[in-house]
Amino acid sequence: MHGRPRKAPKPEDEAASSAKAQKLRALQTQFFTFHHNKIYTKEAVELSAKLLEINPESYTAWNYRKLAVEHYLNLPDCNPDSIKSVLDDELRVVENALRQNFKSYGAWHHRKWVLSKGHSSIDNELRLLDKFQKADSRNFHAWNYRRYVAESMKRSEQDELKYAEDMIYTNFSNYSAWHNRSVLLSALFEKKAGGFLLKEKVLPEEYEFIHQAIFTDPDDQSGWFYHLWLLDQTVTTDSPLLASSWPGHGSDVLLVGDRCYNGSAFSPFSALHSDSGSFPIVLYFNQPVGGVNSSTVTVECGFNKNEDLFWKPLSASNSQTARVWVAHLKVPSSDLHSTVEVSVGHSKGIISTRGFVYSHPSMFSFKVHVQPMERDSSQVSVAENISLREENFKVYGTQSEESIIDSFDQLIIKNGHETTASNWRFEALAKEIECFRELLSLVDCKIGKLTLARLLKAYDAMSYPFANKLVHSEEVLELYSDLMKLDPTHYQFYKDEHSIVLLQKYKVSASSAICDPICLRLNNLSLSRMGAFEKLLWVQMLDLSHNELQSIEGLEAMQLLSCLSLRNNKLRSLTALEPLRKLKSLRILDISYNQIGDQSIDTTRYVCSSPLSHSVGSELNRDETVTSDVALINNWEAFFIFKDFNLNQLDIVGNTIADEKFKSVLVKIMPKLKQLDGKLLD
């Protein structure tokens, strides 16, 4: 068992182990001879049974027995009685193997395979499971197999729910029973069966049920995991929703060409600058969705056909599902004033990763103004004027001010349907908050603090459309601060959650017209993770310097970013910059004084996602010749990260990788670069 010290083996134990190993090797040698020569005699099959009794984890032996069974079933003289005899022998072999190790994957899978043949009685299976679950009631293999048997017997979910409940009353620390209960309830909710049509009738009773376990032993984790599942069922809407968009509904977009004239009243950030005469339309959903295209999203305007728009998911992976989707709308210079209407989901096809259809059609509209400008010879381009000057930023705290307009209030989508939770959700969360505050007044429980923080965040998220601020943010921040001290093993997780809550408190200076400066400074806040991107879609200039960011995943949603400072953070490798490849408007980037080059692989990107999502270079055609330049070949990661950048200015000084050789590589990769580490390039 875990945590128990190893004992030195006795001489007689070592002798027995050696004899067992010798016998196993002899059996394996003979078995592989039979297997390779496709010998399925009675002697050969019995030998495989002996091997599996000693070592139930021999997958090759289980596969051999499948081949042997198929061999016998295909014999000309095979009849129903002989088929039943062969399959009964297989069930017997599996049972003997499970007595040696009832957590053997191979044995349980083989038993399912035998039953799938349809010639064996399934009535005995529940009796067999009772034996194994009495020996170990938390054996998840047995619980998985029980779900298979119950489905095969067409046993109702209600009967299985009662069985799980009985097992929980026998031992409330039975995590597998709690998990099985969540699986059964999920199926009943999906089917809307019987009394499970409405969650508001079932979930409050489940909260009362789980309280018995949690308050009996707050240190036992089984009940807490089930409570987390209940919380997810309470706050998660099945159907995906459009949370925000850019441009916002009713806003004005001033599109300025690539030239300006002397004495212009427009500052570098007084309008949306576009060399190409196009601008992005960004859709931000509350959960990852697929199926966003010209059929499901209609853009009506006088200067562009809806069919010409290509919607692209903005995701760190190569998946065709994402929270954020973008399309670029091209505006002809001759069309100076136009209205654009965007309709989302009026045709079915947008589906969440959980399989739910987008069922609340949304619509927003905005106006586009094109401002053609002449350029004075004494002026430089707009892009060249962009900088991180102090006067470009307006820093605001969390206090309400009349001059401050929360950006989310303008970006939020008014769908016309119920955007807030129904009363039972508020009541359930309010009751749970009161309950866990009471628990924490009695016992100092780490997981209790974490659960209370989650409850408070969920409550605020539900009531946010009616609130000017996150009511419980200070309490949540205090809880995460306490957890960082109480549980240093999970310090980084609490730190990340603390950062996200802190970001929710900040407001962005903005007016009803998008053409006003949108600059945001979030430096020196000890942020370790970014969030609240649905509120920041229209920020053009962002200062995240002097924080503790190791990852910037999610930043790809901010399609208007022209200027970004990540100076003095903890980015460790070039792959951490991958989200920036999707920011086509980015012109100035400061990544100086990070830790890039300290390690070649950015392991932080795999904390919450699979390594298979790593997409650096994955879009390259296999037959495509990248370059013959040896320097670029030896810096292929830098090539794939920076090749799509359109930067005018880059600061990379202070990183391990930033030697003169690497800088020369960057200049080759980005020929449009005009300034590197503060020095003008020729």
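What counts and what doesn't
- Residues numbered from 1 in each chain as written.
- Predicted model: local features only at pLDDT ≥ 70, side-chain atom pairs only at ≥ 80, totals over all residues.
- Heavy atoms only, no water.
- Pairing = 2+ DSSP bridges.
- Helix = DSSP H or I, 4+ residues; strand = E, 2+ residues; numbered from the N terminus.
- Core = buried A, V, L, I, M, F, W, Y, C linked by side-chain atoms within 4.5 Å.
- Buried < 20%, exposed > 50% of the residue type's maximum accessible area, 1.4 Å probe, protein only.
- Contact = heavy atoms within 4.5 Å.
- Salt bridge = Lys/Arg side-chain N within 4 Å of Asp/Glu carboxyl O.
- Expected span 1.5 Å × (residues − 1).
- Axes fitted to C-alpha atoms, helices over the stretch in contact; angles between N-to-C directions.
- Parallel < 35°, antiparallel > 145°, perpendicular 65-115°, else oblique.
- Left-handed = near helix turned anticlockwise from the far one by under 90°.
- Phe/Tyr/Trp six-rings, centres within 6.5 Å; stacked < 30°, edge-to-face > 60°.
- Lys NZ or Arg CZ within 6 Å of the ring centre and 35° of its normal.
- Nonpolar A, V, L, I, M, F, W, Y, C, P; charged D, E, K, R; others polar.
- pLDDT = per-residue confidence, 0-100.

J.: Help me understand the sheet that holds strand β17 (residues 679–680), please; the structure alone is not making it clear to me.
T.: Each strand in a sheet pairs with its neighbour through backbone hydrogen bonds, running either in the same direction (parallel) or in the opposite one (antiparallel). Read across the open sheet, the seven strands follow the order β11-β12-β13-β14-β15-β16-β17; overall the sheet is mixed. Looking along the sheet, the strands with just one partner apiece sit at the ends: β11 (519–521) and β17. Pairing of strand β13 (residues 563–565) with strand β14 (residues 588–590) involves three bridges; the strand directions are parallel. Across the sheet, the residue bridging to S565 is D590, located in β14.

J.: When you look at the nonpolar core in this model, what are you seeing that I'm missing?
T.: A general trend in soluble globular proteins is that nonpolar side chains are found buried together. If you look at the biggest cluster of nonpolar residues, it comprises 133 residues, and the most contacted ones within it are L580 and F642. If we skip the residues at most four places from it in the chain, F642 touches L574, L577, L650, L666, I669 and M670. Among the nonpolar cores identified, the runner-up in size contains 30 residues, and L24, L52, A68 and L129 belong to it.

J.: Please clarify how the pattern of salt bridges should be interpreted in this entry.
T.: Here the idea is simple: oppositely charged side chains can pair when their charged atoms come close. On inspection of all chains with the given rule, the structure shows 25 salt bridges. Each of E578, R581, K643 and D644 takes part in a single network of salt bridges with overlapping partners.

J.: For this particular structure, what's the right way to read unusual backbone geometry?
T.: A negative phi angle is the norm for most residues apart from glycine, just as the trans form is the norm for most peptide bonds. Cis peptide bonds are those with omega within 30 degrees of zero, and the linkage from W246 to P247 qualifies with 0 degrees. In the Ramachandran plot, A532 falls in the positive-phi region, its phi being about 55 degrees despite a non-glycine side chain. Within the secondary structure layout, A532 lies in the loop between β11 and β12 (541–543). For N568, which is not glycine, the phi torsion reads 55 degrees and is therefore positive. Examined against the element boundaries, N568 turns out to sit in the loop between β13 and β14.

J.: Help me understand helix α11 (residues 221–235), please; the structure alone is not making it clear to me.
T.: Given 3.6 residues per turn, any residue in an α-helix points the same way as the ones three and four places further on. Helix length check: α11, at 15 residues, gives a terminal C-alpha distance of 21 Å against a target of 21 Å (1.5 Å per residue), a fit within 8%. For α11, the full list of buried residues reads S222, G223, W224, Y226, H227, W229, L230, L231, Q233 and T234. Elements that come into contact with the buried residues of α11 comprise α9 (175–191), α10 (199–216), α14 (423–442) and α15 (446–463).

J.: For this particular structure, what's the right way to read the packing of helix α6 (residues 123–135) against helix α7 (residues 140–152)?
T.: Each pair of packed helices gets described by two things: the angle between the helix axes and the distance between those axes. For the pair α6 and α7, the least separation of the axes is 10 Å and the interaxial angle reads 165 degrees. The orientation of α6 with respect to α7, classified from their angle, is roughly antiparallel. You can see that α6 and α7 cross each other, and the crossing is left-handed. In this structure, α6 uses E125, L126, L129, D130 and Q133 to contact α7, whose residues at the interface are A142, W143, Y145, R146 and V149.

J.: I'm lost on the packing of aromatic side chains in this one. Help?
T.: Geometry of an aromatic ring pair is reported as the spacing of the ring centres plus the angle between the planes. Counted according to the given criterion, the structure contains 24 aromatic pairs. Both rings, one in Y40 and one in Y64, keep their centres 5.4 Å apart while their planes meet at 40 degrees; by these two values the pair is tilted. With Y40 in the loop between α1 (11–36) and α2 (42–54) and Y64 in helix α3 (residues 59–73), this pair connects stretches of sequence that are 24 residues apart. For Y40, a relative accessible area of 14% corresponds to the buried category. Judged by relative accessible area, which is 0%, Y64 ranks as buried. Taken together, a centroid distance of 5.8 Å and an interplanar angle of 90 degrees make the contact between F285 and Y358 edge-to-face. One end of the pair, F285, is in strand β4 (residues 278–290); the other, Y358, is in the loop between β9 (351–352) and β10 (362–371), with 73 residues separating them in the sequence. Both residues of the pair, F285 and Y358, count as buried. Of note, K66 hangs over the ring of W113, and the distance from its end group to the ring centre comes to 5.6 Å.

J.: Help me understand the packing of α7 against helix α8 (residues 157–170), please; the structure alone is not making it clear to me.
T.: For the pair α7 and α8, interaxial distance at closest approach is 12 Å and the crossing angle is 155 degrees. By the angle class used here, α7 and α8 are roughly antiparallel. Of the two elements, α7 crosses α8, and the hand of that crossing is right-handed. In this structure, α7 contributes W143, R146 and A150 to the contact, and α8 contributes E160, Y163, A164 and M167. Looking at side-chain class alone, the contact of α7 with α8 contains five nonpolar, no polar and two charged residues.

J.: Explain the confidence of the model for the protein chain here, please?
T.: In low-pLDDT regions, the fine details of the predicted coordinates are not to be read closely. Per-residue confidence for the protein chain gives a mean pLDDT of 81, with 80% of residues at or over 70. Every residue in residues 258–270 scores below 50 in pLDDT, and together they form 37 contacts with partners more than four places removed in sequence or on other chains. Contacts from residues 508–516, a stretch scored under 50 in pLDDT, to residues over four places away or in other chains number 34 contacts.

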